[in-house]
Amino acid sequence: MAVVKKTYPIKGMHCASCVRIIEKSLTRTPGVNSAVVNLATEKATVTYDADICNEEQISSAVTRVGYTIGTPPDKTEELEQLRRKVVVSLFLGLLIVWGSFPGLIQTAPEWLKIFWVQLLLATPVQFWAGWDYYRATVPALKHRTANMDTLVALGTTVAYLYSAFVTFFPRVVMDLGLEVMPYFDVAAIVIGLILLGRYFEAKAKGQTSEAIKKLIGLAAKTARVIRDGQEIDISIEQVRIGDVVRVRPGEKIPVDGTIIEGESSIDESMITGESIPVDKHAGDTVVGATMNKTGTFTYTASRIGKDTMLAHIIRLVQEAQGSKAPIQRVADTISSYFVPVVIMLAIATFAIWYLFGPNPVLLFALLNMVAVLIIACPCAMGLATPTAIMVGTGLGAQKGILIKDAESLEIAHKVNVIVFDKTGTLTNGKPEVTDIIPITDIEKDELLALASSIETGSEHSLAEAITRKAKDEHVNSVPVTQFKAIAGHGVEGILNRKKIYFGNRKFMLQKHISLDTTRERVEQLERNGKTVMMLGVNTTLVGLIAVADTIKDSAKDAVEALHKKNIEVVMITGDNTRTAQAIASKLGITRILAEVLPDQKEAEIKKLQAQGKIVAMVGDGINDAPALATADVGIAMGSGTDVAIEAADITLINKNLQSVASAIELSRKTMNTIKMNLFWAFGYNVLLIPVAMGALYPFFGLLLNPIFASVAMATSSVSVVGNSLLLKKVDL
């Protein structure tokens, strides 16, 4: 089975009903596993089996319900076309209003009062400006579906045809006891106002995707590479992996790589959101699109094109903006029934007014039916969630918070427990040897040599600290045979025909090495937050080596910020309880999970979830990946391994732990915006559809003119998008 996931631009979508119709058509296509259609991005993400289904079938599934797959239209050109239609339709519509509306008609020139002139003015509005409504309605009706375009097309067509009938057959209308008065103004102004609303909506939607445009705009256009001893300027597309690139002060770094010569201060704010420049030296990595501030350096290009950090960020943000939050399913489900229900309500309105309304019954019945069709607005429901998601994920990216999908953004606001891995997350992950304590008559250098020799084959961060210390002290290591690493315990091997064990307390006890003489010394070191490793030769403990890892500068503030949000903070570590407690107390963390082996972290997360907690896990290592994937929300540090980042739902590029609290705050603000949008979208329809049906007429004698109904409908969509845009002002 060849599973393919691809995103297609969709033309012709205007409301939540359109989304539902396209999704239903796609998912019914053999071979399609899932289809997610996003109204705000106007794209469909389809996962399908390429052995059963092909792109032609996917395109056909979209086309047969009245929409098209194609190259995304030029938004500037699309807006200009929409603007022209708005100007023409409102200009012609206002001329008709001038020649027909009570109170204005007395000031109008005689030729504007002629019904045939009004027909000529209204026709291009109906069939040129309003053509998109018909183009979407006809195929939709063929397939027994309906959307917002159907409502607008039906409502305005009824008003136009009635007015045309009055114009062609005035005597018949008089014989029916009706006033000979067309309503071309209703049809023309309604189309003009709805197009105006769509124009403002399109402009506002364009602003919701500004984050992507800004990210794309960050990329450098050229690079200065050294080839055959010559420095040449080439386009960014011509850079190859392994190229040596020179960067001068004030220039953008073209692609990702590693510095080989020189040093500089680099502004990485465009990627991480951190405003303070970072000092870089030989051996440090640099990220494409960041800005070189002071020095000149050369570096080797390691990632180019779609593999760069910037390309990865853009891809993640696009995927997140195109995904669908669980809360949106409510809106989608309601929208799938919404348009058919509105059409039934419109027919019921016509029947009730025709049977029980005052004279002229036909006119009242027609106008109220049109008002119901026009005022109903499924587009506001369709835009409520995706516009907020687009702004929220875009804002996160600008602050160095990458959110994988809309579901992760939604769940994050419910998190009430955050579990931090200690090493490399709360601490800098670069431990230093602080104490070398011989127990027997062994010398310090010999003890360090034994520890360094046995740890040379280990990949643990503590092993790195010991081998680095040995190198600094010019202590030589000796090859070890039969090396074996026991995860969460220690390492063992044979050196000079002696069995060497190096690890924690549990490991020594397993090997039947007595710790009685050192118990007090070990406890004292652990109370100071140091990790104590013990070295045994055969069955004798010969020395202790204590290692301490420094706490990240942002850790304490991050914990305080989370506590203020009423979120419980838990620290998980393989360290013993005493060492863990010492570090936790410095950070203000009261709950610790100590002596947890790497393969037990996932189980600890599940235990918290079993208590009814919504758990977020923050980690950076390969051994954190299972726990990150199991947690309700996995948060990976951008400095961590690719495996951890892949397993996480949120990635913090900027390495600042306070971004954990910022991510939670962003989720809460985004969800508040979505709920407000949905409340407005549903409340608008629930309140105003009965008004359009004439619910206020028996009590106050008030009816809703279809023109005012179109104003309300246009306003509802624009207000939802505008409310989402307010998220941009959130201070994280």
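Given the structure is predicted, the values throughout are model-derived calculations rather than measurements. (Residues numbered from 1 in each chain as written. Predicted model: local features only at pLDDT ≥ 70, side-chain atom pairs only at ≥ 80, totals over all residues. Heavy atoms only, no water.)

Right, let's get into the overall build of the protein. For the protein, the helix and strand inventory stands at 28 helices and 26 strands. By the compact-globule yardstick of 27 Å for 732 residues, the protein is too spread out, its C-alpha radius of gyration being 34 Å. Along the first, second and third principal axes, the C-alpha atoms of the protein reach 125 × 65 × 50 Å. Across the 732 residues of the protein, 53% fall into the buried class. Relative to all contacts within the protein whose residues are 6 or more apart in sequence, the contacts with residues 24 or more apart total 69%. Put simply, the protein shows about 32,800 Å² of open surface, and 57% of that area lies on carbon and sulfur atoms. For the protein, the distance from the average position of its 73 positive side-chain charges to the average position of its 73 negative side-chain charges is 4 Å. (Helix = DSSP H or I, 4+ residues; strand = E, 2+ residues; numbered from the N terminus. Rg over C-alpha atoms; globule rule 2.2 N^0.38 Å. Buried < 20%, exposed > 50% of the residue type's maximum accessible area, 1.4 Å probe, protein only. Contact = heavy atoms within 4.5 Å. Areas by Shrake-Rupley, 256 points an atom, 1.4 Å probe, with all protein chains shown as cover. Lys, Arg positive; Asp, Glu negative; His and termini not counted. Charge placed at Lys NZ, Arg CZ, Asp CG, Glu CD.)

Here Glu23 lies in helix α1 (residues 16-27). Judged by relative accessible area, Glu23 falls into the buried class, the value being 11%. Setting aside residues up to four positions removed in sequence, Glu23 forms contacts with Ala35, Val36, Val37, Lys324 and Asp332.

This part covers the sheet that holds strand β23 (residues 591-593). The mixed open sheet is built from seven strands, whose spatial order is β14-β26-β25-β24-β15-β22-β23. On the outer flanks of this sheet lie β14 (401-403) and β23, each paired with one strand and no other. Each adjacent strand pair in this sheet contributes to an overall mean axis angle of 20°, direction not counted. Bridge count for β14 against strand β26 (residues 650-652) is three bridges, and the pairing is antiparallel. Residue pairing across strands places Leu402 opposite Thr651, the latter belonging to β26. (Pairing = 2+ DSSP bridges. Axes fitted to C-alpha atoms, helices over the stretch in contact; angles between N-to-C directions.)

Let us now look at the sheet that holds strand β9 (residues 264-267). Pairing is antiparallel across the open sheet formed by three strands, whose spatial order is β10-β9-β12. Of all the strands in the sheet, the pair left with one neighbour each is β10 (278-280) and β12 (291-292). Across three bridges, β9 lies against β10 in antiparallel orientation. In the sheet register, Ser265 faces β10, and the bridge partner there is Asp279.

Together, Trp111, Ile114, Trp116, Phe165, Phe168, Phe169, Val172 and Leu176 give the surface a local cluster of nonpolar side chains, amounting to about 820 Å² of exposed area. Position of Leu176 among the secondary structure elements: in the loop between α7 (170-175) and α8 (184-208). (Patch = residues over 30% accessible without salt bridge, like charges linked within 9 Å, V, L, I, M, F, W, Y side chains within 5 Å. Salt bridge = Lys/Arg side-chain N within 4 Å of Asp/Glu carboxyl O.)

Moving on: the packing of aromatic side chains. In total, this model carries 17 aromatic pairs according to the counting rule given. On the basis of an interplanar angle of 55° and a centroid distance of 6.2 Å, the ring pair of Phe364 and Tyr697 is categorised as tilted. Of this pair, Phe364 sits in helix α13 (residues 361-375) while Tyr697 sits in helix α27 (residues 697-700); the two residues are 333 residues apart in sequence, bridging distant segments of the chain. On the basis of relative accessible area, Phe364 is assigned to the partly exposed category, the value being 21%. Judged by centre distance (6.5 Å) and plane angle (55°), the rings of Phe699 and Phe700 are tilted. (Phe/Tyr/Trp six-rings, centres within 6.5 Å; stacked < 30°, edge-to-face > 60°.)

At their nearest, the axes of helix α12 (residues 328-356) and helix α26 (residues 658-693) sit 10 Å apart, and the two run at 10° to each other. By the criterion of interaxial angle, the relationship of α12 to α26 is roughly parallel. Contacts between α12 and α26 involve Ala331, Ile334, Phe338, Val342, Leu345, Thr349 and Trp353 on the former and, on the latter, Leu678, Phe682, Asn685, Ile689 and Met693. (Parallel < 35°, antiparallel > 145°, perpendicular 65-115°, else oblique.)

What follows covers unusual backbone geometry. Along the chain, Asn359 connects to Pro360 via a cis peptide bond; the corresponding omega equals -5°. With a phi close to 55°, Asp228 is a non-glycine residue in the positive phi region. At Arg497, a residue that is not glycine, the phi angle is positive and equals roughly 65°. For Arg497, the location among the structural elements is in the loop between β18 (490-495) and β19 (498-503). Given the relative accessible area of 84%, Arg497 is considered exposed.

Let us now look at the UniProt feature "domain: HMA" (unreviewed entry) in the protein. What UniProt calls "domain: HMA" (unreviewed entry) maps, in this numbering, to residues 4-70. With 31% helix and 36% strand, residues 4-70 has end C-alpha atoms that lie 19 Å from one another. (UniProt positions renumbered as here; feature names shortened; annotations may be inferred.)

Moving on, we come to the UniProt feature "transmembrane region" (unreviewed entry) in the protein. On the UniProt side, "transmembrane region" (unreviewed entry) is annotated at positions that read residues 86-105, 111-131, 151-169, 181-200, 337-356, 362-384, 678-700 and 706-727 here. What you have in residues 337-356 is 100% helix and 0% strand, and the ends, taken at the C-alpha atoms, are 28 Å apart.

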